[in-house]
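Below are the chains, spelled out letter by letter.
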Amino acid sequence: MRASVASLYQAVELHQEIPPLLIGERCNPNGSKAFKEALLSEDWDACLKVALDQEGRGAQVLDLCVAYAGRDEVADMMKLAQLFAGSCKAPLMFDSTSPATLEQVLPLYPGRAIINSINLEDGGANLERICRLAKKYGAAVVALTINREGMALTCEQKVAVAKDIYTLVVDQYGLRPEDILFDLLTFTVGSGDETMRDAATETLNAIKQVKEELPGVGFTLGVSNISFGLRPAARKVLNSVFLHLAVEAGLNTAIVDAAKVLPYAAISEADREICLDLLFNRHPEALMTFIDHYEQAVDQEDNEDSDSLPVEELLRQKVLSGDKDGLNDLLSALRGRWQPLDIINNLLVPAMREVGELFGRGDLLLPFVLQSAEVMKQSVTLLEPYMEKLDDDGKTSILLATVAGDVHDIGKNLVDIILTNNGYKVHNIGIKVPAEEIIAKAKELQVDVVGLSGLLVKSALLMKDNLSQFQTVGLTQPVLLGGAALTTKFVAVDCAPNYQEPVVYCADAFAGLKAIREFEAGKLLSTQ
């Protein structure tokens, strides 16, 4: 069973098949001015707004810290934990090293939380109390590589402390390895401190080594620590490049402000190289070169006139960046040049295809893909009133479903949009749909074609099994398969032989549209 955390509303796997899991960092009076002011004035609704804003920007877990001089940590944590539990879909991470606080809040939380954090600063006394609470209430823990000698700076020190903590947490207190998120600590490369020039490299190497030597454990990082002391605009770029490197090294969760992380694909090659020079300490002047370069880059960016770009390119950029601001005005301008359906097929869909390609290469994190999908969805909603309404009678009808165990529906919903706006009748029955429900709905609705979607590798394997079930019960509809883990060969060799009707691999939404047209023409054949 894969380790997960849960809120009242949903469970979230700690070890995402496509990392990282993003942990929102702004519900912390020591890191967010807005949250601090809300906490000190006891404006609980404003505190909740900070949490919900992070969810809206892609945070999948929310870190909650209320420790502040002069405040009652237990009372504040109890108040906000209960408020957040009833209002936030994202599970909570209780950011406290106080066993007394955790002992009060953990029994009240209607889900499975993360405790942030444990360490060996006092030799292990506090760690013991917190681990016993974690074991009692089923929580996961963040483990910082700190011992009596202080914070571990080198790779060797980080690995040694991680092993000491692992021995206590797993062997002595009975937590599972997969319930540990090691924070191997990273320190700023922006201070000019000679002892910190290799801080990024030491952390990245430590992640790789601990991953190898302590199988099953997870990792997290306060990513923005890497850029502390630099200008905010420069930090955003450096943090984003470092996060990309850390995920490649094995990082599976990250404590970030999702609004201040750039898609790796949106960072220019020149900016990437300047960041890599600094992070890997490639030359003695890397820091000053970074500062000088980025000062110039900010000036150029500030002077850039987006009005000079064609409106078609502006729409592409909005999809790629997940920016919904000004979308209505932009689409109004485009309707003067394009028919609404052509805007969808010729502008929006290719932009989303580009998003998918970036995601497939690892240059775009999943939360950014979701934001891009929201731009697509809102665009279609704004265009729909100007589109010709077609009679449902005689339309080819398609059933779409994300298979059991998979919550991803971006691609499926894109197919829905494309098919619907090309005149087809689509029954989109949602996510995590078992084969039995797909069969029942296909029969009840008397659809012409079934489309299955899934992002994960396990989803591809499940599609193969679903086809055998469809064959057993005698379904007669062709089946279209789509998802990131599928390949032409897998569909042809492993899936198609399990079902008597055509089984077709659709690499994207346009391939799905093409398959439906081939079905109508009587030319649809299984993928070979």
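Our subject is the structure that appears above.
As a starting point, this report considers the structure included with it. (Residues numbered from 1 in each chain as written. Predicted model: local features only at pLDDT ≥ 70, side-chain atom pairs only at ≥ 80, totals over all residues. Heavy atoms only, no water.)

Now for the sheet that holds strand β7 (residues 140–144). The strand order across the open sheet formed by 8 strands is β11-β10-β7-β6-β5-β4-β3-β12, and the pairing between neighbours is parallel. Unpaired on one side and paired on the other, β11 (218–220) and β12 (253–256) mark the two borders of the sheet. Taken pair by pair, the neighbouring strands of this sheet meet at an average axis angle of 30°, ignoring direction. Of the pairings in the sheet, the one linking strand β6 (residues 114–118) to β7 comprises 4 bridges and is parallel in character. (Pairing = 2+ DSSP bridges. Helix = DSSP H or I, 4+ residues; strand = E, 2+ residues; numbered from the N terminus. Axes fitted to C-alpha atoms, helices over the stretch in contact; angles between N-to-C directions.)

We now examine the sheet that holds strand β13 (residues 397–402). The parallel open sheet is built from 5 strands, whose spatial order is β14-β13-β15-β16-β17. Across the chains shown, the open sheet's two edge strands, defined by having one partner strand only, are β14 (425–428) and β17 (503–505). Along the sheet, successive strands turn relative to each other by an average axial angle of 20°, direction set aside. Of the strand pairs in this sheet, β13 and strand β15 (residues 449–453) are connected by 5 bridges, and their pairing is parallel. Its bridge partner lying in β15, I398 is registered against V449. Where helix α17 (residues 457–473) meets the sheet, its contacts fall on β15, β16 (479–482) and β17, and the angle it forms with β16 comes to roughly 170°. Here helix α19 (residues 509–520) sits on the sheet in contact with β13, β15, β16 and β17, set at roughly 170° to β16. (Contact = heavy atoms within 4.5 Å.)

What follows deals with the nonpolar core. Within the largest apolar cluster, 162 residues are counted, with the highest numbers of intra-cluster contacts made by F84, F94, F182, I344 and M376. Not counting residues up to four positions away in its chain, the partners in contact with F84 are C27, F35, C47, L48, A51, L64 and L92. Counting 25 residues, the second-largest nonpolar core is a separate cluster that includes V433, A442, L481 and V491. (Core = buried A, V, L, I, M, F, W, Y, C linked by side-chain atoms within 4.5 Å. Buried < 20%, exposed > 50% of the residue type's maximum accessible area, 1.4 Å probe, protein only.)

So, about unusual backbone geometry. Here P19 and P20 are connected by a cis peptide whose omega angle stands at 5°. A positive phi angle is found at N281, which is not glycine, with a value near 50°. Checked against the element boundaries, N281 lands in the loop between α9 (269–279) and α10 (286–303). If you check the backbone angles, Q446 has positive phi at about 55° while not being a glycine. By the element assignment, Q446 lies in the loop between α16 (435–445) and β15. For Q446, a relative accessible area of 65% puts it in the exposed group.

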